[in-house]
Amino acid sequence: MTVDADRRQALREAAEAARYAPSIHNTQPWKWTVHPDRLELHAVTDRQLTVQDPDAHMLLLSCGAALHHARVALAAAGWRVRVERPAGTPLAVLHLDEQAAPEPAAVERFEQLKARHTDRRTVSETRLGTPVLDALVAATESEGARLHLIGHDQVIDLAVIVERAQKTETSDERLQQETAAWVGGERSDGTGIPDANLPAGLPLTTVAERDFGRTGTLAAGEGHDTAATYAVLYGTGDERHEWLQAGEALNALWLTATEHNAGLLPISGPIEVPYTRHELRRIIGDLGAPYLVVRLGLLDSASAKPAKTPRLPLDQVIEEASS
Ligand SMILES: Cc1cc2nc3c(=O)[nH]c(=O)nc-3n(C[C@H](O)[C@H](O)[C@H](O)COP(=O)(O)O)c2cc1C
């Protein structure tokens, strides 16, 4: 293969790996353009949840997670990458520098990428230890965001905020209709959340999981969430590049959780509803802009792992450009 064909192939494979990124309601709101010397990430507003996510914050977090996937894939192939984040379109451009033998840790990251998934089952009764929590905080910070771990004294406050956000979203009929278009059933179009990934009954937890308005077939387990760790991902501001970067940090955090056999469940309702997002600022001591609430915890190995969520066909998320 020529040098250029090698590079194009590496970029195409990175875009392919990014298909497995998490996204709000599995909307996969991105498209990649593969050029001979660079890879462009574009947002797809046709797949934006315009009622639930009018400011495209969740779309940007999702695109940031996809961007991190592409970076992890390229690092695992030994490529050094420069990421450009233009103010206009595209959202990001990946340029390849030179290639060397990959670091073993980069190869392992790629394995974690394949194993990562959203887990709505209740967490086990064993708490995450301090070394793991330290690793999760460090992973988030390595991508320029911060992680506020919720202490015992704040869990009830968080539960109330999450419940208020859920009530607000449940009472919004347009939002419920939008959710229904993406959630439940078999999802043969390659998007959305199938019944197999939704709990058969909402687990009885202190901090509630999102109520999608329907139950599925996932056995969520009997446990409670007393040993779960809740955290708020946050950063400096609300600019587009900051939300994108927060998505990269979310993915770094998620892969590190996967490495330690911990499950991660995003809880985005309290970020989507403006007044509960404001209350979350107080929870993090007014230190910055909250981007996402996450539940972390060890998973009960007794219950079966949820099935993989579907993905769009390659030609709907990857485009080839000749120059
Ligand atoms: C920005 C963002 C917000 C999310 N919010 C929620 C949420 O509030 N509740 C939930 O159950 N899942 C949430 N998810 C998880 C997605 O539903 C999940 O990533 C998607 O269905 C794909 O499944 P997978 O992560 O198993 O690949 C969120 C994911 C992202 C990236």
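Presented here is an overview of the structure given in this document. Values in this document were obtained by computation on a predicted structure and should not be read as measured data.

## Digging into the pattern of salt bridges
Pairs can form between side chains of opposite charge once their charged atoms are near each other. In this structure the tally under the stated criterion is 21 salt bridges. Three or more residues are tied together by salt bridges with common partners; here these are Arg71, Arg85, Glu143 and Glu248.

## What about the packing of helix H3 (residues 104-115) against helix H7 (residues 240-259)?
Contact geometry of H3 with H7 gives a least axis separation of 9 Å together with a crossing angle of 90 degrees. Comparing their axes, H7 and H3 come out roughly perpendicular. Side by side, H3 and H7 meet where Arg109, Gln112, Leu113 and Ala115 of the first sit next to Ala252, Leu255, Thr256, Thr258 and Glu259 of the second.

## Side note on the sheet that holds strand S3 (residues 79-84)
Read from one edge to the other, the open sheet built from five strands follows the order S3-S4-S2-S1-S9, with strand pairing classed as mixed. Edge positions in the sheet fall to S3 and strand S9 (318-320), since each of these pairs with one other strand and no more. Taken pair by pair, the neighbouring strands of this sheet meet at an average axis angle of 25 degrees, ignoring direction. Note that S3 and strand S4 (residues 92-99) share five bridges and pair antiparallel. Within S4, the position partnered with glutamate 84 by the bridge is valine 93.

Basis of the calculations
- Residues numbered from 1 in each chain as written.
- Predicted model: local features only at pLDDT ≥ 70, side-chain atom pairs only at ≥ 80, totals over all residues.
- Heavy atoms only, no water.
- Salt bridge = Lys/Arg side-chain N within 4 Å of Asp/Glu carboxyl O.
- Axes fitted to C-alpha atoms, helices over the stretch in contact; angles between N-to-C directions.
- Helix = DSSP H or I, 4+ residues; strand = E, 2+ residues; numbered from the N terminus.
- Parallel < 35°, antiparallel > 145°, perpendicular 65-115°, else oblique.
- Contact = heavy atoms within 4.5 Å.
- Pairing = 2+ DSSP bridges.

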